[in-house]
Amino acid sequence: MLNLNSPDLLRKQSYIDGEWVDADNGNTLDVTNPATGEVIATIASCGATETRRAIESADKAWPAWRDRTVKERAKILRDWYNLIIDNVDDLAAILTAEQGKPLSEAKTEIVYGANYLEWFAEEAKRAYGDVIAPPSKDKRLVVIKQPVGVTASITPWNFPSAMIARKVAPALAAGCTFISKPASETPLSALAMAVLAEKAGVPKGVFNVVVGKSSREIGTEMTTNPLVRKFTFTGSTAVGKQLQAQCAGTVKKTSMELGGNAPFIVFDDADIDAAVKGAIICKYRNAGQTCVCANRILVQAGVFEEFSQKFTAAVKALKVGNGFDAGTEVGPMINTGAVADVKALVEDAMGKGAKALSEGGPSDLGECFFTPTVLADVNDTMRLFKEEIFGPVAPLFKFDTEEEAIRMANDTEFGLASYFYARDIGRIWRVAEGLEYGMVGINEGIISNEMAPFGGIKESGSGREGSKYGIDDYLEIKYLCMGGI
Ligand SMILES: NC(=O)C1=CN([C@@H]2O[C@H](COP(=O)(O)OP(=O)(O)OC[C@H]3O[C@@H](n4cnc5c(N)ncnc54)[C@H](OP(=O)(O)O)[C@@H]3O)[C@@H](O)[C@H]2O)C=CC1
Ligand SMILES: O=C(O)[C@H](O)CS(=O)(=O)O
């Protein structure tokens, strides 16, 4: 069982209109620890009726929250940030228990998410408008920015805290109210955030968390209820497309943070040791279950042997285990389905001629564990060239020229994160400009932070989270034309 300093953080009900509630029909769902299979909590499993109540509560709370001064909203966000930081150990323990990632990674995620609250507490004060030179002497033109309104959000299990924080922070900073549906695999982190939101003074109805295994039912209510004016989603491209289509009926503003297929390119002028280090963290963070993980590692022929030997040795040295065990670097995958999906991708590649430089696969550590794997002799006929692996498998592709590397990297419908290691300044500019992605890591494998615009192009989605751009998704631009001056 979880041994928390503040047991009050572990909640088993949804948080709607400032109240902790059971499901109307009494339904429940189990939250299990993927490392051990043990049930860590049995919690209320809500559906459409509770979601509708949360939306109505958020709509009722919106005028008063919108009319708070930006400094009042900023102070509450800052207080929320401070409470999360003060409770980082408990929040990380809850996160590791329900998601599996190593405790050190969980703590990093909690702080990373909290940083968005800190950042947008300040950005709230910078939602500037404009005064425009008038077309005639009798007019004055002004632009003001106002909050979009009730915002609904659906987020994935791989970052059960930070993905919510990355959305609720700009939303509340802008003056919107918010309903969160976390993944049913990992709801406890979201509920713990609600405990601290309440303590920080977030008024009832401003932040709601609806948990339920009937995600389709909840999502349909969120995407079709006319009171919801903004819908923000982080998850797979397939589900994102479906939800975006559902929003069309009421023309909601949407932002989509979807799937990825990141190339990680190592050129022959790279610092190979730095590239190996960057590739390891980029590929195996969260057991490879992030949308920005290196999905295809492309290595120039002249350095392929050196890179593949050093990279494979580093992979073999990775410590796989329970996220609570000291020194664990790779935890379990989220569930057995995820293990089966990754296993199928490896089998497809091996069946088409791939060679294992480090033969991983299902592990006797537990049914959700998959030992890190490195494949060579891979090609673009294999599923793992086109599909998001979302697991601890690294395929090493060989290329000859810079042009070939850019063509291979761009040969995908995704466009989220990309990475390359090189030192020639001309090459750095040519490749950075040639990659069709929303984000490019240059001699760096970890690029996400609250100050940078996170997001993708093509079928990786639309909108940006974080940075000075992130609040725009939650603001409407209003043009005032004053005549008769
Ligand atoms: N661009 C980004 O920032 C990120 C993208 N992702 C992407 O997400 C995927 C992995 O996460 P995963 O959780 O499996 O993704 P899913 O798209 O399966 O699920 C994401 C969320 O959507 C919910 N959901 C699933 N189906 C529906 C539906 N029909 N209607 C309403 N809600 C639904 C899920 O709820 P439930 O699980 O309870 O069914 C979950 O809360 C990968 O493709 C990854 O690339 C992940 C993180 C970040
Ligand atoms: O869910 C994800 O994959 C995150 O967006 C990755 S990151 O923001 O932590 O890099």
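Fair warning: this is a prediction, and the values are worked out from it, not measured in the lab. (Residues numbered from 1 in each chain as written. Chains lettered and ligands numbered in written order. Predicted model: local features only at pLDDT ≥ 70, side-chain atom pairs only at ≥ 80, totals over all residues. Heavy atoms only, no water.)

Caption draft 1: Focus on the site of ligand 2. Every residue near ligand 2 is listed here: Y112, N158, F159, M163, R166, R285, T290, C291, V292, S448 and F454. Separating an oxygen atom of ligand 2 from a side-chain N or O atom of R166 is a distance of 2.9 Å. With respect to ligand 2, the backbone of C291 contributes an N or O atom lying 2.8 Å from an oxygen atom. When ligand 2 sits alone it has 290 Å² of accessible area, and the protein chains cover 98% of it. Cavity membership is defined here by more than half of the atoms lying within 2 Å of grid points; on that basis ligand 2 lies in the largest pocket. A per-class count over the shell around ligand 2 returns six nonpolar, three polar and two charged. (Near = heavy atom within 4 Å. Polar contact = N/O pair within 3.5 Å; in protein donor to acceptor, adjacent residues only side chain to side chain. Areas by Shrake-Rupley, 256 points an atom, 1.4 Å probe, with all protein chains shown as cover. 1 Å grid on protein atoms, 1.4 Å probe; cavity = no way out; pocket = protein on both sides within 12 Å on 5 of 7 lines; lining within 4 Å. Sits in = over half its atoms within 2 Å of the grid points. Nonpolar A, V, L, I, M, F, W, Y, C, P; charged D, E, K, R; others polar.)

Caption draft 2: Structural detail: helix α3 (residues 88–99). For α3, spanning twelve residues, the distance from its first C-alpha to its last is 16 Å, which sits close to the expected 16 Å at 1.5 Å a residue. Considered for burial, the residues of α3 that qualify are V88, D90, L91, A92, A93, I94, L95, T96, A97, E98 and Q99. Next to the buried residues of α3 lie β3 (28–32), β4 (39–44), α2 (70–86), α4 (103–123) and α6 (188–200). Just past α3, the residue G100 takes up positive phi, approximately 105°. (Helix = DSSP H or I, 4+ residues; strand = E, 2+ residues; numbered from the N terminus. Expected span 1.5 Å × (residues − 1). Buried < 20%, exposed > 50% of the residue type's maximum accessible area, 1.4 Å probe, protein only. Contact = heavy atoms within 4.5 Å.)

Caption draft 3: Expanded view of the sheet that holds strand β22 (residues 475–482). A sheet is described by the order of its strands in space; here three strands give the open sequence β5-β6-β22, paired in antiparallel fashion. Either end of the sheet is taken by a strand with one partner, and the two such strands are β5 (130–132) and β22. Going across the sheet, the axis of each strand differs from the next one's by a mean of 25°, ignoring polarity. As defined by bridge partners, β5 adjoins strand β6 (residues 140–147) across three bridges and the pair is classed as antiparallel. Note that in β6 the partner of V131 across the bridge is V142. (Pairing = 2+ DSSP bridges. Axes fitted to C-alpha atoms, helices over the stretch in contact; angles between N-to-C directions.)

Caption draft 4: How the structure looks around the site of ligand 1. As a matter of local geometry, ligand 1 sits amid 29 residues, with T155, S184, S236, L258 and E388 nearest to it. Contact between ligand 1 and W157: an oxygen atom at 3.1 Å from a side-chain N or O atom of the residue. With respect to ligand 1, the backbone of G235 contributes an N or O atom lying 3.4 Å from an oxygen atom. Placement of ligand 1 is best described as lying within the largest pocket. Listing elements by their share of the shell around ligand 1, those giving two or more residues are α7 (215–224), β10 (230–234) and α8 (237–247). Residues of the shell around ligand 1, tallied by class, amount to 13 nonpolar, eleven polar and five charged.

Caption draft 5: Broad picture of the layout of surface pockets. In this structure, the largest pocket occupies an estimated 960 Å³ of space. Residue lining of the largest pocket: 46 residues in total, with P156, F233, G235, S236 and V239 positioned closest to the centre. Of all elements in the fold, only α5 (162–174), α7, β10, α8 and α11 (336–351) reach the threshold of two or more residues within the lining of the largest pocket. Among the elements that make up the lining of the largest pocket, the one with the highest residue count is α8 (six residues). Here the lining of the largest pocket is composed, by residue class, of 18 nonpolar, 16 polar and twelve charged. Its volume calculated, the second largest pocket comes out at about 370 Å³. At the level of elements, α4 and α9 (272–284) are the ones that each hand at least two residues to the lining of the second largest pocket. For the lining of the second largest pocket, the element with the highest residue contribution is α4, accounting for six residues. Residue classes in the lining of the second largest pocket are distributed as nine nonpolar, five polar and five charged. (Points joined across faces, edges and corners; volume = space filled by probe spheres on them.)

Caption draft 6: View of the packing of α2 against α6. One way to put it is that α2 packs onto α6 with a least axis distance of 8 Å and a crossing angle of 130°. Compared by their axis directions, α2 and α6 come out oblique. Of the two elements, α2 crosses α6, and the hand of that crossing is right-handed. Across from I76, D79, W80, L83 and I84 in α2, the residues of α6 making contact are M193, L196, A197, K199 and A200. Looking at the contact of α2 with α6 residue by residue, the classes come out as eight nonpolar, no polar and two charged. (Parallel < 35°, antiparallel > 145°, perpendicular 65-115°, else oblique. Left-handed = near helix turned anticlockwise from the far one by under 90°.)

Caption draft 7: Spotlight on the side chain of S467. Following the sequence through the fold, S467 ends up in the loop between β21 (461–462) and β22. Engagement of the side chain of S467 in a polar contact is seen with the backbone nitrogen of Y469, the distance being 3.0 Å. If near-sequence neighbours (up to four positions away) are discounted, S467 is found in contact with W119, F120, E123, E450, M451, A452 and P453.

Caption draft 8: The arrangement of the nonpolar core in detail. Among the nonpolar cores identified, the biggest contains 66 residues, and W80, L172 and F207 are the most heavily contacted of them. Apart from the residues within four sequence positions on either side, W80 is in contact with L117, V168, L172, M193, L196, A197, A200, V202 and F207. With 38 residues, the next largest nonpolar core counts F307, L396, L416 and I447 among its residues. (Core = buried A, V, L, I, M, F, W, Y, C linked by side-chain atoms within 4.5 Å.)

Caption draft 9: Region of the structure containing the packing of aromatic side chains. Inspection of the entire model under this criterion finds twelve aromatic pairs. Taken together, the aromatic side chains of W80, F178 and F207 make up a single cluster linked through ring pairs. Over the aromatic face of F304 sits the side chain of K398, whose NZ or CZ is 4.8 Å from the ring centroid. (Phe/Tyr/Trp six-rings, centres within 6.5 Å; stacked < 30°, edge-to-face > 60°. Lys NZ or Arg CZ within 6 Å of the ring centre and 35° of its normal.)

Caption draft 10: Up close: the pairing of strand β11 (residues 253–257). In the sheet, β10 pairs with β11 via five bridges, with the strands oriented parallel. Bridged to K230 within β11 is K253. In the classification by handedness, the crossover that spans β10, the intervening α8 and the parallel β11 is right-handed. Here β11 pairs with β21 via two bridges, running antiparallel. By the bridge assignment for β21, M256 is matched with S462. (Right-handed = clockwise from strand over helix to strand, strands pointing away.)

Caption draft 11: How the structure looks around the UniProt feature "active site" (unreviewed entry) in the protein. Per the UniProt entry, the sites bearing "active site" (unreviewed entry) are E257 in this numbering. The topology assignment puts E257 in strand β11. Note on E257: relative accessible area 3%, which makes it buried. (UniProt positions renumbered as here; feature names shortened; annotations may be inferred.)

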